[in-house]
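Here are the chains, one letter per residue:
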Amino acid sequence: MIDLIVRVLDRLFRLREPHKGFLSRSVPVKLNFSYCFGGMAFVCFMTSVVTGLMLSVYYVPSATDAYKSVLEINNAVWGGWLIRSLHKWSATILIIFIVFHTVRVFVYKAYRPPRELNWIAGSLTLVLVLASGFTGYLLPWDQKAYWATVVGTSMGGTVPGIGPFVVMLLRGGAEVQGATLIRFYSLHVLWIPVFMFMVLWAHFHMVKRQGISGGL
Amino acid sequence: MLRTQRNKGHEGRRDFLSALVKASLAVLGLGGLAGLPYFYPFSTGKEGALEFVRVFDEYSLPRRGVKKVDFTFRDQSFRVYLSNANGKIIALSPTCTHLGCQVRWNPFKNEFDCPCHGSAFDITGKVIGGPAPRPLTRLPYKIVNGDFYIGVRT
């Protein structure tokens, strides 16, 4: 039954042929568990995406209601505390695994030609994840979030020449305020995920095309 | 250089691993169904009915200026500021309307100051400075038979 559905879908979209290598591709002999860090990071990313979609059902991005809605998620929504904790911790562990993955790729010299572009795609992923972490930190709209964002955005003011302009751009005004919250919310749930999926798509397809580098 | 594991004799293992991956994806998908109650609308819980608590008799009300009143009711502690601007008593909640810090009455400047982000309110609770978007919340009260009652929600 499932086989029939898969076959019909494949006749329509022909996705099987280009993705045949997903579960049966050639890999170097000397693989070890350090090659799993990238995959583990991706699992954390997908957990963040799914739990983030679930949180967005209840979260209200407004200066007056944001904190209240977070309390509701924690206290009133069925399993809401779990979903919120999963989102927070998977995001935290995601960054750890990306760092491990980067170290692994660096130590094994897997960034060398022909994989230079994939190193760049990975670096972009790290930047996007850090940006997502920074913008997501403001969303609970409590004292810690507020002051962390005051400090974080004011760092942009130290850029020579365009510093004040950068701060205005980040905050959407002179102070951290409701406009900042909506700006960060938009970045966190729309802009950054869109670019993340584009970069990750490139990242994985380059791995598929080039194979895993041969180890030390 | 790049020796690969596409050797004879590994098909069984490959099939097993590929089945394992598909099975875990299926388990994950079915397990996700267990999360459906998450999307069911939640009840915010019944908000406590408004109840009037006797604080003191009406002669203890401030003749002018502001008086801080702390009292407990059903194991919850409350703080209310009673202000008398021009002969009319106003009961004000000390919770700042900006981010919920507790404001304090500053008798030297004749204003309520918020310690967090510098919001300031005059004796009637009106915003006179800082980021607060609304005046301080006024609480209902009543005077019955010479006793002063404040309305609270538990």
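Everything discussed here concerns the structure shown above.
Below or above, wherever it landed, is the structure these notes cover.

Take the environment of Ser83 of chain B next. All names here are of chain B. Tracing the chain through its elements places Ser83 in strand 3 (residues 76-84). On the basis of relative accessible area, Ser83 is assigned to the buried category, the value being 0%. In this structure Ser83 touches Gly65, Val66, Lys88, Ile89, Ile90, Leu92 and Ile123, once residues within four positions along its chain are discounted. Among the polar contacts made by the side chain of Ser83, one reaches the main-chain carbonyl oxygen of Ile123 at a distance of 2.9 Å.

Okay, the layout of surface pockets next. Empty space within the second largest pocket amounts to approximately 1500 Å³. Lining the second largest pocket are 42 residues, and of these Lys68 of chain A together with Thr95, Cys96, Gly100 and Arg134 of chain B sit closest to its centre. Mapped by element, the contributors of at least two residues to the lining of the second largest pocket are helix 3 (66-75) and helix 6 (143-155) of chain A together with strand 3 and strand 11 (147-153) of chain B. When residues of the lining of the second largest pocket are assigned to their parent elements, the largest contribution, five residues, is made by helix 3 of chain A.

Our next topic: the nonpolar core. In terms of nonpolar packing, the biggest core is built from 19 residues, with Tyr59, Trp141 and Leu181 of chain A together with Tyr38 of chain B touching the most fellow members. For this core, the secondary-structure elements that each account for two or more residues are helix 2 (37-55), helix 3, helix 6 and helix 8 (178-210) of chain A. Residues Leu61, Phe71, Leu82 and Ile150 of chain B belong to the second largest nonpolar core, which totals 15 residues.

This part is about the packing of aromatic side chains. All names here are of chain A. Taken as a whole and assessed by the stated rule, the structure comprises 20 aromatic pairs over all chains. On the numbers, 6.4 Å between centres and 70° between planes, the contact of Phe97 with Phe100 is edge-to-face. Within this pair, Phe97 and its partner Phe100 are both found in helix 4 (residues 80-107), separated by three residues, close to a single helical turn. Over the ring of Tyr35 we find Arg104; its NZ or CZ atom is 4.1 Å from the centre of that ring.

Two quantities define a packed helix pair, namely the angle between the axes and the distance from one axis to the other. Residue and element names in this part refer to chain A. Two numbers describe how helix 5 (residues 116-138) lies on helix 8: the axes approach to 9 Å, and their chain directions differ by 160°. For the element pair helix 5 / helix 8, the angle class is roughly antiparallel. Pair helix 5 / helix 8 crosses with left-handed handedness. In terms of residue class, the contact of helix 5 with helix 8 is made up of 19 nonpolar, 10 polar and no charged.

All names here are of chain B. Secondary-structure assignment places Cys96 in the loop between strand 4 (89-92) and strand 5 (104-106). Each C-alpha atom of the pair Cys96 and Gly32 lies 41 Å from the other, and the pair is 64 residues apart in sequence. Once residues within four sequence positions are removed from consideration, Cys96 is found in contact with Cys101, Val103, Cys114, Ser119, Phe121, Ala132 and Leu136.

With that settled, the discussion passes to the pattern of salt bridges. Residues and elements named next belong to chain B. Overall, the coordinates contain five salt bridges over all chains when judged by the stated rule. Residue Glu111 is joined to Lys109 by a salt bridge in which the shortest nitrogen-to-oxygen separation is 3.5 Å. What makes Glu111 buried here is its relative accessible area of 11%. Note on Lys109: relative accessible area 52%, which makes it exposed.

Residues and elements named next belong to chain A. In this model, helix 5 (23 residues) spans 34 Å end to end at C-alpha, consistent with the 33 Å of a helix rising 1.5 Å per residue. Burial in helix 5 covers these residues: Asn118, Ala121, Thr125, Leu128, Val129, Ser132, Thr135 and Leu138. As for helix 5, its buried residues are in contact with helix 4, helix 6 and helix 8.

Analysis parameters
- Counting starts from 1 at the beginning of each chain's written sequence and moves along it residue by residue.
- To label them, take the chains in the order written and letter them from A, then take the ligands in the order written and number them from 1.
- In keeping with the model being predicted, local features are shown solely for residues with a pLDDT of at least 70 and side-chain atom pairs are shown and tallied solely at 80 or more, while totals for entire chains, interfaces and linings include all residues.
- Neither water nor hydrogens contribute to the side-chain values; these are computed over all heavy atoms in the structure.
- Numbering of helices and strands starts at the N terminus; helices are DSSP runs of H or I of at least 4 residues and strands are runs of E of at least 2.
- Residue burial is assigned from relative accessible area. The probe radius is 1.4 Å, only protein chains are included, and a residue is buried under 20% of its type maximum, exposed over 50%, and partly exposed in between.
- Any two residues whose heavy atoms approach within 4.5 Å at even a single point are treated as in contact.
- In the analysis that follows, any N or O atom pair within 3.5 Å is treated as a polar contact, provided that within protein one partner can donate a hydrogen and the other can accept it, and provided that, for residues neighboring in sequence, both atoms belong to side chains.
- Here a cavity denotes grid points, spaced 1 Å and computed from the protein atoms alone, that fit a 1.4 Å probe unable to get out, and a pocket denotes an open set having protein on both sides within 12 Å along at least 5 of 7 lines; residues with an atom within 4 Å of a point are the lining.
- Grid points are joined across faces, edges and corners, and a volume is the space filled by probe spheres set on the points.
- Buried Ala, Val, Leu, Ile, Met, Phe, Trp, Tyr and Cys residues form a nonpolar core when they are joined through side-chain atoms within 4.5 Å.
- Any Phe, Tyr or Trp ring, taking Trp's six-membered ring, that has another such ring centre within 6.5 Å forms a pair; planes under 30 degrees apart are called stacked, those over 60 apart edge-to-face, and the others tilted.
- Any Lys NZ or Arg CZ found within 6 Å of a ring centre and within 35 degrees of that ring's normal is scored as a charge over the ring.
- Axis angles are defined between N-to-C directions and span 0 to 180 degrees, where every axis is a line fitted to C-alpha atoms and, for a helix, only to the segment in contact.
- Every angle not falling under 35 degrees, over 145, or within 65 to 115 is termed oblique; those three ranges are roughly parallel, roughly antiparallel and roughly perpendicular.
- A crossing counts as left-handed when the near helix is turned anticlockwise from the far one by less than a right angle, and as right-handed when that turn is clockwise.
- Gly counts as polar in this scheme, as do all residues outside two lists: the nonpolar Ala, Val, Leu, Ile, Met, Phe, Trp, Tyr, Cys and Pro, and the charged Asp, Glu, Lys and Arg.
- Within this document, salt bridges are pairs made up of a side-chain nitrogen of Lys or Arg and a carboxyl oxygen of Asp or Glu, the two lying within 4 Å of each other.
- Take the number of residues in a helix, subtract one, and multiply by 1.5 Å to get its expected span.

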